[in-house]
Amino acid sequence: MKRALALSFVLITAAACNRADAPPSRFGFGRAATPAEIQTLDIDVGPDGVGLPAGQGTAVAGAPVYAAKCATCHGSAGEGTPIAAALVGRIPNDSFNYATSTGGDRRKTVGSWWPHATTLYDYIRRAMPFDKPGTLTPDEIYAVTAFLLAKNEIVKDDFVIDATSLPAVKMPSRDRFVADDREKSNRVR
Amino acid sequence: MARRDEQKRPASPASVTDPSAVLEPLLSRRSVVVGAALAVGASVMQGMAAPVPQARPTPPIVPDGPVPDPTTVLGRLPNELGVRSQFEKAKRRPSNTSSQSPLDDLYGAITPSELHFERHHGGVAVVDPATYTLLIHGLVERPMIFTLDDLKRFPSASRICFLECAGNMARGAKEETRAQQVCGLTSQSEWTGVMLSTLFKEVGVRPDASWFLAEGQDAAVMSRSIPLEKAFDDAMIVYAQNGEAIRPEQGYPARLLLPGWEGNTNVKWLRRLELSTRPFMTREETSKYTEAIKGDKARQFSFVIDARSIITSPTYPGRVEKGWIEIRGIAWSGRGKIRRAELSFDEGKSWVAATLQAPVLSKAHTRFRHLYEWDGTEVTVMSRAVDETGYVQPTVRELVDARGPGSGPYHLNPITGWRFRPDGSVTFRTEKWA
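Residues numbered from 1 in each chain as written. Chains lettered and ligands numbered in written order. Predicted model: local features only at pLDDT ≥ 70, side-chain atom pairs only at ≥ 80, totals over all residues. Heavy atoms only, no water.

Formed by 43 residues in total, the largest nonpolar core has its most connected members in Leu151 and Phe212 of chain B. Looking at this core, the elements that each hand over two or more residues are strand E4 (133-138), strand E5 (144-147), helix H5 (148-153), helix H7 (196-203), strand E8 (211-216), helix H8 (228-233), strand E10 (236-241) and strand E13 (270-276) of chain B. No other element matches the 4 residues that H7 of chain B contributes to this core. Within the second largest apolar cluster, 41 residues are counted, among which are Trp113, Ala117, Ala127 and Phe177 of chain A. (Core = buried A, V, L, I, M, F, W, Y, C linked by side-chain atoms within 4.5 Å. Buried < 20%, exposed > 50% of the residue type's maximum accessible area, 1.4 Å probe, protein only. Helix = DSSP H or I, 4+ residues; strand = E, 2+ residues; numbered from the N terminus.)

This is how it looks when you write it as structure tokens:
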């Protein structure tokens, strides 16, 4: 009797394990990605510079690229146009009182608002020029990045921007960003 | 046979009272169509592509002038793709960067897919589903590529939830503003796809991973960093919306869905997920979708949509009449379910609970209604949402006090209202934003 019970228990457990609807840990759908396939798509640039390609540029080299490929929409000195926002402009003393100030020019530009210089490379490579995305070479992207940093008086005109120097550029608003804390409370934050 | 049908049929189309008597033979035997149609007269033929009515294209017959008595006109035969009634005019309100849902023209909880709001940063991408792939790599055991068919083979799930743009408040709107313009960058659909946790288990997430990048294949190659916990909470990769493939402007053929989180993170035309130890600091999580707060700081990774509501009827440019009015609206919260939708008729001094339409779903537009007998004197009706966490939708004043007058444009969810005037007009309750 005892043996019979034990046996039926074993059978039931085995049956449970073979239940058709018990999900497997893996389904085996999809296929392995090759290193080459990953490399083609893996275009992101992190704040630590991971992902920056070989190449370099200075503001001097970037000026003609900017004039030819960016200025029509962003203005010849990055001051912005009705088509696209200003990219250049600092606020005196790098004041960051956007939330409380009710007057003055509080435009959010690369110089006044952006916390990471690497974002410039990453974003321009992805999305600019707006009407011809994906057409710039790495050297051109480094050069317009250097141009925008220099126009914002963050680097000098002859400063060489490359995979090592770009993540080391300290942006004026670098320490202004804090994590969202709204969900820590049900009060209005 | 045709003779017999003819005998049954009245001579004049004006007295056709039983359309099925006409349709039955038309549909069952093509050979009969011509003779039968001829027999019932030329005016019935109008709009019918005889002799093969089944192949007729879809445009509705838009009559010139008054609509004829529909009992006297043979209607359109079944076709392949439906279109809404020619009399319905609800439309999105497009700008260069977005289009708003006509909240004041909608009923119930689901937004028709064709009226779902849009917000893109590089236009609507055209992606071929036959060559579509999703790459998952980075801190995973097995970097993998999934086709659309692969995604559809995995266990599927459906969920109804809202999707709202983080920048969905027209500050300082004037009295002549529709609900659509106040906050029409929110819509609701039933989404179907695969849980992201299922895919992440398939590739094997490494223990040191804590964030992932979601990247689209539009002209902006949109990219956002998402905390890994969301993937194992309720994130999905969806390929269907309201029972059909998702719309091009919603990321066809597949997008990320992060219920309750700001729209921009729900990356469309999704092509790649990369797991990492840290966020990537993309432009949309630094330059944009961050908001200034008091203390000379900016809030970053502010994902969740706070509770809010809007009355959708009666609203401008609608009109009201003395007597019973059903006040209707929607309330929603990215934190969970709506607990209460409340109305105030005295500038927020007191609040009454409206009736919530069941089912009340988590992170979903919830329809509310309230019967109100209007005596014809001027009154302002305001709405506010309370969610299951106890969060109460704030006033403009409370928002400004908490964050500062220069905060925004993101995550602004103030109480709004509408003024019923003695002349029957309804206007938006204007408010100074400072």
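Moving on from the model shown.
Looking now at the domain arrangement of chain B. Often, the extent of an interface is quoted as the loss of accessible area upon association of its parts. All names here are of chain B. One can read the domain layout of chain B as domain 1 (93-288) and domain 2 (308-428). In this structure, domain 1 and domain 2 have C-alpha centres spaced 27 Å apart. Between domain 1 and domain 2, the residue contacts involve 35 residues of the former and 30 residues of the latter. Both sides of the domain 1 and domain 2 interface together cover about 2,600 Å² of buried area, and 57% of this is carbon and sulfur. The tally of links between domain 1 and domain 2 comes to 3 salt bridges. Between lysine 363 and aspartate 234 there is a salt bridge, with the nearest N and O atoms lying 2.8 Å from each other. (Domains from an automatic or database assignment. Contact = heavy atoms within 4.5 Å. Buried area = accessible area lost by both parts, 1.4 Å probe. Salt bridge = Lys/Arg side-chain N within 4 Å of Asp/Glu carboxyl O.)

Tallying the contact residues gives 65 residues for chain B and 52 residues for chain A. For the pair chain B and chain A, the interface holds 7 salt bridges. Salt-bridge contacts for glutamate 215 of chain B lead to arginine 126 of chain A; the nearest nitrogen and oxygen are separated by 2.9 Å. Counted by class, the side of chain B that touches chain A contains 27 nonpolar, 17 polar and 21 charged residues. Relative to strand E15 (residues 297-300) of chain B, strand E4 (residues 177-179) of chain A runs parallel, the two sharing 3 bridges. Within the sheet, the bridge partner assigned to alanine 179 of chain A lies in E15 of chain B and is glutamine 300 of chain B. (Nonpolar A, V, L, I, M, F, W, Y, C, P; charged D, E, K, R; others polar. Pairing = 2+ DSSP bridges.)

Right, let's talk about the packing of helix H5 (residues 118-127) of chain A against helix H6 (residues 138-151) of chain A for a bit. All names here are of chain A. The N-to-C vectors of H5 and H6 enclose an angle of 130 degrees; their axes lie 10 Å apart at closest approach. Of the possible angle classes, the one that applies to H5 and H6 is oblique. Two packed elements cross with a definite hand, and for H5 against H6 that hand is right-handed. Between H5 and H6, the residues in contact are Leu120, Tyr121, Ile124 and Arg125 and Pro138, Ile141, Tyr142, Val144, Thr145, Leu148 and Leu149, respectively. Of the residues belonging to the contact of H5 with H6, the class tally is 9 nonpolar, 1 polar and 1 charged. (Axes fitted to C-alpha atoms, helices over the stretch in contact; angles between N-to-C directions. Parallel < 35°, antiparallel > 145°, perpendicular 65-115°, else oblique. Left-handed = near helix turned anticlockwise from the far one by under 90°.)

With that settled, consider the sheet that holds strand E20 (residues 355-356) of chain B. All names here are of chain B. Strand order in the open sheet formed by 4 strands is E16-E17-E21-E20, and the pairing between neighbours is antiparallel. Pairing within the sheet leaves two strands with one partner each, and these edge strands are strand E16 (308-313) and E20. Taken together, the 5 bridges between E16 and strand E17 (residues 323-332) define a ladder with antiparallel strand orientation. Looking across to E17, one finds that arginine 308 is bridged to tryptophan 332.

Another point: the environment of isoleucine 330 of chain B. Residues and elements named next belong to chain B. Checked against the element boundaries, isoleucine 330 lands in strand E17. Of the residues examined, isoleucine 330 reaches a relative accessible area of 5% and is grouped as buried. Distance in space between the C-alpha atoms of isoleucine 330 and glycine 184 is 12 Å, their sequence separation being 146 residues. The contacts of isoleucine 330, once residues within four sequence positions are left out, are Leu103, Arg308, Ser309, Ile310, Thr312, His365, Thr366, Arg367 and Phe368.

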